[in-house]
Amino acid sequence: MSLLVVGLSHRTAPVTVLERAALEDGARAKLLLDALAAEPATEAAVLATCNRIELYADVDKFHAGVAELSTLLAQHSGVGLDELTPYLYVHYEDRAVHHLLSVACGLDSMVVGEGQILGQIKDALAVGQELHTAGRLLNDLFQQALRVGKRAHSETGIDRAGQSLVTFGLAQLVPATGDVRGKRALVVGAGSMSSLAATTLARAGVAELTVANRTVERAERLARTLTEQGTPARAVTMSEVRAELARADIVVSCTGATGLVLTADDLRAALAARPAAGPVAVLDLAMPRDIDGAAGDLDGVTLVDIESLAAASADAPMAADVDQVRAIVSQEVEAFGAAQRAARITPTVVALRAMAADVVAGELSRLDGRLPGLNDKQRAEITQTVRRVVDKLLHAPTVRVKQLAGEPGGAGYADALRELFDLDPLAVAAVSRADTPGSAQGTAEPNRGRA
């Protein structure tokens, strides 16, 4: 089996296509289950953020796998396959590993170096575990990606190369808002992105903050936390958002809605209802978008959305630390490949030792029949001696074959071992199945927010 990823991102597709292809939470689960039901795939995981949709799978046929995963992405995203195909990228084996580790380190993000992607990778792993679609390979891969991402942020200055999408987006509003201290802010949504936006605005010194969310209890929890931290905050329902617009100087929206949350007419009405003239700065971090793009054409409204962020980030300077992170990724890709190659031979080694144990047991049983007069001490000494001889004979070749299997091109050593010792393929396969981790192993807590 081999690792394959098919996806599209802000690097390959226009925002209008990404917006249409965005997956709702229910669609992600259905995509995973359908991917697992497809013939080429035995494992599957989906990494879906505001600027990427990627389907990872362990497949036994490359071309069939690419065709099947591409078709599934088209079916579940609602974008026709012919239209979607030009924007898709495909990575296989080591290139697929390299891609995910680069994503985890923020090298492939719209804002280079941002750390929010780690939460989204953690979420993707948790969903795959919950649905039992992530097996040994994808569990190992995604756990490795989380470790490498944390390593990159702790060992380098990649954080200096970029900011979170929230911070970067708010920075684009500065020409319109100036100093945010003393301003009134409205945050629509209470997921991880919206919560980060609210916290960032609070730390920047906004005078008051209103949180709106479909589930008002989540908005109340966030408002209560902000108030306890020193920023007056209150929660409102989604039906009150349009009325709150008239009071807000800054609006940040990031919900999971499939349609527009605010139209240009809503913003126009809010401007007319404002007690005092003044601009409104709007940041739309949702995908698909929450706010009508036409609102940016209104006098008094500055709109920053994913599309304008993509254009702005293209001009952002790259930090020297990026090269160091790339070196870390290359090292970790090699290490992951070596570990996976070594792991593939483990069932063969276990089966070999099991066969040797059966031979020892059979010979000792035969010895008991031929020498019935042996006392317990003699029998125990002979048993220990025979087992020690077998262990010593097997130790060097099994250790060495694991080392060789971890090197590039080492996959053939398992086949050679099975052939030389005439191992039963079914016995090896049984070891592989028994050694597959359950869904609860290495479970990651989900991070359900959008980004």
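Residues numbered from 1 in each chain as written. Predicted model: local features only at pLDDT ≥ 70, side-chain atom pairs only at ≥ 80, totals over all residues. Heavy atoms only, no water.

(A) Structural detail: the overall build of the chain. Along the chain, the regular secondary structure elements total 18 helices and 10 strands. Residue burial in the chain is summarised as follows: out of 451 residues, 49% are buried. Counting only contacts in the chain whose residues sit at least 6 apart along the sequence, the fraction spanning at least 24 positions is 74%. Here the chain has roughly 20,800 Å² of accessible surface; of this, 53% comes from carbon and sulfur atoms. (Helix = DSSP H or I, 4+ residues; strand = E, 2+ residues; numbered from the N terminus. Buried < 20%, exposed > 50% of the residue type's maximum accessible area, 1.4 Å probe, protein only. Contact = heavy atoms within 4.5 Å. Areas by Shrake-Rupley, 256 points an atom, 1.4 Å probe, with all protein chains shown as cover.)

(B) Geometry of the packing of helix H6 (residues 117–130) against helix H7 (residues 136–155). Packing of H6 against H7 leaves a shortest axis separation of 10 Å and a crossing angle of 165°. With respect to H7, the axis of H6 lies roughly antiparallel. The two elements H6 and H7 meet at a crossing, and its hand is left-handed. Contacts between H6 and H7 involve Leu118, Ile121, Lys122, Ala124, Leu125 and Gln129 from the former and Leu138, Asn139, Phe142, Gln143, Ala145, Leu146, Gly149, Lys150 and His153 from the latter. Residues of the contact of H6 with H7, tallied by class, amount to 8 nonpolar, 5 polar and 2 charged. (Axes fitted to C-alpha atoms, helices over the stretch in contact; angles between N-to-C directions. Parallel < 35°, antiparallel > 145°, perpendicular 65-115°, else oblique. Left-handed = near helix turned anticlockwise from the far one by under 90°. Nonpolar A, V, L, I, M, F, W, Y, C, P; charged D, E, K, R; others polar.)

(C) Seen up close, the pairing of strand E5 (residues 184–188). In terms of burial, E5 is a largely internal element, 4 of the 5 residues being buried. As paired strands, E5 and strand E6 (residues 208–212) are joined by 5 bridges and run parallel to one another. Note on E6: the bridge partner recorded for alanine 185 is leucine 209. A crossover links E5 with its parallel partner E6, the connecting element being helix H10 (residues 192–204), and its sense is right-handed. By the bridge criterion, 4 bridges tie E5 to strand E8 (residues 250–253) in an arrangement that is parallel. Its bridge partner lying in E8, valine 187 is registered against valine 252. (Pairing = 2+ DSSP bridges. Right-handed = clockwise from strand over helix to strand, strands pointing away.)

(D) Structural detail: the pattern of salt bridges. This model, assessed by the stated rule, comprises 23 salt bridges. The residue glutamate 54 makes a salt bridge to arginine 52 at a minimum N-O spacing of 3.0 Å. Taking the shortest distance from any N to any O, the salt bridge between aspartate 60 and lysine 61 comes out at 3.9 Å. The exposure class assigned to aspartate 60 is partly exposed, which follows from its relative accessible area of 42%. Each of the salt bridges in this network shares a partner with another, and the network as a whole consists of Arg11, Arg52, Glu54 and Asp108. (Salt bridge = Lys/Arg side-chain N within 4 Å of Asp/Glu carboxyl O.)

(E) Inspection of the sheet that holds E5 at higher detail. Here we have 6 strands laid out as an open sheet, ordered E7-E6-E5-E8-E9-E10, and parallel in their pairing. In this open sheet, the two strands that pair with only one neighbour each are strand E7 (233–236) and strand E10 (301–304). Each strand axis lies, on average, 15° off the axis of its neighbour in the sheet, ignoring direction. Sheet analysis places strand E9 (residues 280–284) next to E10, joined by 4 bridges and oriented parallel. Across the sheet, leucine 283 pairs through a bridge with valine 304, a residue of E10. Against the sheet, H10 touches E5, E6 and E8, its axis set at about 170° to E5.

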